[in-house]
Amino acid sequence: DLDAAPVAAERRVLSQAEDGAPLALWSHVRLHGGVLHIVSAARRLDTLIENLDGSFDWPGAEKPMSFSLAGAWRDENVAIKGKIDNPREGLEKRPTGVDLAIDSRPLSLALDGTWGGDAATGFSGELSAQIRSRGALERLLGAPPAPLIVGDALSLRGKAQTRGASLALSEARFELAGQPFEGALTLSREGERTSISGTLAADELKIEPLLGEPSTFTNAQGGWSSQPFGFAPAPGLDLDLRISAAHVDWRGHRIDDAAGSLICNDG
């Protein structure tokens, strides 16, 4: 029960047993063919991980916690491996080191940095992620992935900082719709709306994979076409992006030293 986790931060739970000996309730736990049931009324979460194998080691309240688990979640095989330097520090909302890796067919994710113990201070450190299949990720999460994803694949690597429901990426490298970018992005969530802002740069940029095939520049008479471009982002997505490229390709036309913005607010 994730809602009950703060109880574990109480010193009487994490310090010592009644006889004065240090608690080691989670030292060297081995799992085979288990079932992990995770619930949280506050997060509207109720899910099962089945056929769970692995190990969980937490020899003492002030000792590092390490875990290595593999199981089946929503018909996908998922492996999770990680270490928390001092879980007690984190539960008492003080920074502690964290190293986490999640691997599955639709998604790989790795974090290495500092966790502040709650959503307000969040995580700070190195982040890398690779989404191999948007459809499989949607089935795994039970909901559509972030609207940032264009096409079926996305990879990113950079410095990450979370604050509440926002994620800031800096010194980052992205591969979106098969095209590499560098830059910084901030993703935030408020209610049902997602906002993405930042700057991206590329050496070579092809427009069609990102926005679809654009309308033609000219009409049947050879003049400039008055047909509007069709760009319809997700209804719950706000954008404030600055994009630059040394070379842009658009329907066979080449544009050098190009820069532009992509802005959308409330539809």
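Computed from a predicted model, the values in this text were never measured in an experiment. (Residues numbered from 1 in each chain as written. Predicted model: local features only at pLDDT ≥ 70, side-chain atom pairs only at ≥ 80, totals over all residues. Heavy atoms only, no water.)

*Asks:* Give a description of the overall build of the chain that names residues and reports values.
*Replies:* Broken down by element type, the chain carries 4 helices and 13 strands. Among the 267 residues that make up the chain, the fraction classed as buried is 30%. For the chain, long-range pairs separated by at least 24 residues make up 43% of all intrachain contacts whose partners lie at least 6 apart in sequence. (Helix = DSSP H or I, 4+ residues; strand = E, 2+ residues; numbered from the N terminus. Buried < 20%, exposed > 50% of the residue type's maximum accessible area, 1.4 Å probe, protein only. Contact = heavy atoms within 4.5 Å.)

*Asks:* Tell me about the side chain of Asn86, and name the residues and values.
*Replies:* Its place among the elements puts Asn86 in the loop between strand S4 (76–84) and helix H2 (87–91). Here Asn86 falls in the buried class, since its relative accessible area comes to 13%. Every residue in contact with Asn86, bar those within four places of it in the chain, is listed here: Ala61, Glu62, Lys63 and Thr96.

*Asks:* Which residues make up the pattern of salt bridges, and what values go with them?
*Replies:* If the charged atoms of two oppositely charged side chains come close together, the side chains can form a pair. Applying the stated criterion to the full structure yields 9 salt bridges. For the salt bridge of Lys159 with Glu126, the shortest nitrogen-to-oxygen distance reads 2.9 Å. Here Lys159 is found in strand S8 (residues 154–163), whereas its partner Glu126 is found in strand S7 (residues 123–131), with 33 residues between them in sequence. Residue Lys159 is classed as partly exposed on the basis of its relative accessible area of 34%. With relative accessibility at 38%, the residue Glu126 sits in the partly exposed group. Among the salt bridges present, the one from Asp238 reaches Arg193, with a minimum N-O distance of 2.7 Å. (Salt bridge = Lys/Arg side-chain N within 4 Å of Asp/Glu carboxyl O.)

*Asks:* Report on the nonpolar core, specifying residues and quantitative values.
*Replies:* Counting 35 residues, the largest nonpolar core has Leu156, Leu169, Phe174, Phe181, Leu185 and Ile196 as its most contacted members. With 6 residues, strand S12 (residues 237–250) is the single largest residue contributor to this core. (Core = buried A, V, L, I, M, F, W, Y, C linked by side-chain atoms within 4.5 Å.)

*Asks:* Break down the environment of Pro209 for me, citing the residues and quoting the values.
*Replies:* Examined against the element boundaries, Pro209 turns out to sit in helix H4 (residues 208–211). In sequence terms Pro209 and Gln179 are 30 residues apart; their C-alpha atoms lie 8.7 Å from each other.

*Asks:* With reference to specific residues and values, describe the confidence of the model for the chain.
*Replies:* Across the chain, the average pLDDT comes to 81, with 80% of residues at or above 70. At the low end of the mean pLDDT range in the chain sits helix H1 (residues 11–14), at 49; at the high end sits strand S5 (residues 96–104), at 94. (pLDDT = per-residue confidence, 0-100.)

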